[in-house]
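Residues per chain, in single letters:
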Amino acid sequence: MVTRDEARSAKSTLRETLEQVDGVCGVGLTQRGDSHDWVLQVNVQSLSARKDVPPDVDGVPVRVHVVGAVEAL
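Once a new chain begins, its residue numbering starts again from 1 and follows that chain's sequence as written. Where local features are concerned, this predicted model is filtered to residues with pLDDT of at least 70; where side-chain atom pairs are given and counted, the filter is 80 or more; whole-chain, interface and lining totals use all residues. Heavy atoms throughout the structure, all of them, feed into the side-chain values; hydrogens and water do not.

Draft legend 1. Summary view of the sheet that holds strand β2 (residues 38–44). What makes two strands pair is DSSP finding at least two bridges between them. Starting at the N terminus, helices and strands are each numbered in turn, a helix being any DSSP run of H or I of at least four residues and a strand any DSSP run of E of at least two. Spatial ordering of the open sheet is given by β1-β2-β4-β3, a layout of four strands whose pairing is mixed. If you trace the sheet from one side to the other, it starts and ends with β1 (24–31) and β3 (56–57), each paired once. The pairing of β2 with strand β4 (residues 60–66) spans five bridges and is parallel. Within β4, the position partnered with Q41 by the bridge is R63. Note on contacts: a residue pair is in contact if any heavy atoms of the two residues lie within 4.5 Å. Axis angles are defined between N-to-C directions and span 0 to 180 degrees, where every axis is a line fitted to C-alpha atoms and, for a helix, only to the segment in contact. Sheet strands touched by helix α1 (residues 4–18): β1, β2, β3 and β4. Its angle to β1, the strand with the most contacts, is close to 170 degrees.

Structure, rendered in structure tokens:
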């Protein structure tokens, strides 16, 4: 199980790692299972962008979600 604080710390590291990767739309936290187990979520524009996303960061699992192009309303 990963605590919210552990996930927040890993999120900073992941954001730095992915800041120059094309197709990454956002990095956040999401719960997995119960309210005490957290993972990182990376939103990407396409499946091809997910190849640059690591499977975990500092022991925190990373979930990739394909959201498509993000546009302002």
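Draft legend 2. Looking closely at the side chain of D37. Of note, D37 is situated in the loop between β1 and β2. There is a polar contact of 3.1 Å between the side chain of D37 and the backbone nitrogen of V2. Each residue touching D37, except ones within four places of it in the same chain, is listed here: M1, V2, T30, Q31 and R32. Pairs of N or O atoms are called polar contacts if they sit within 3.5 Å, as long as, within protein, a hydrogen donor faces a hydrogen acceptor (for residues adjacent in sequence, only side-chain-to-side-chain pairs).

Draft legend 3. Highlighting the nonpolar core. Counting 17 residues, the largest nonpolar core has L14, L18, L40, V42, V53 and V62 as its most contacted members. Elements with a minimum of two residues in this core: α1, β2 and β4. Every residue in contact with V42, bar those within four places of it in the chain, is listed here: L14, L18, V24, G26, V27, V53, V62, R63, V64 and H65. Buried Ala, Val, Leu, Ile, Met, Phe, Trp, Tyr and Cys residues form a nonpolar core when they are joined through side-chain atoms within 4.5 Å. We call a residue buried when its accessible area falls under 20% of the maximum for its residue type, exposed when it is over 50%, and partly exposed in between, using a 1.4 Å probe and counting protein chains only.

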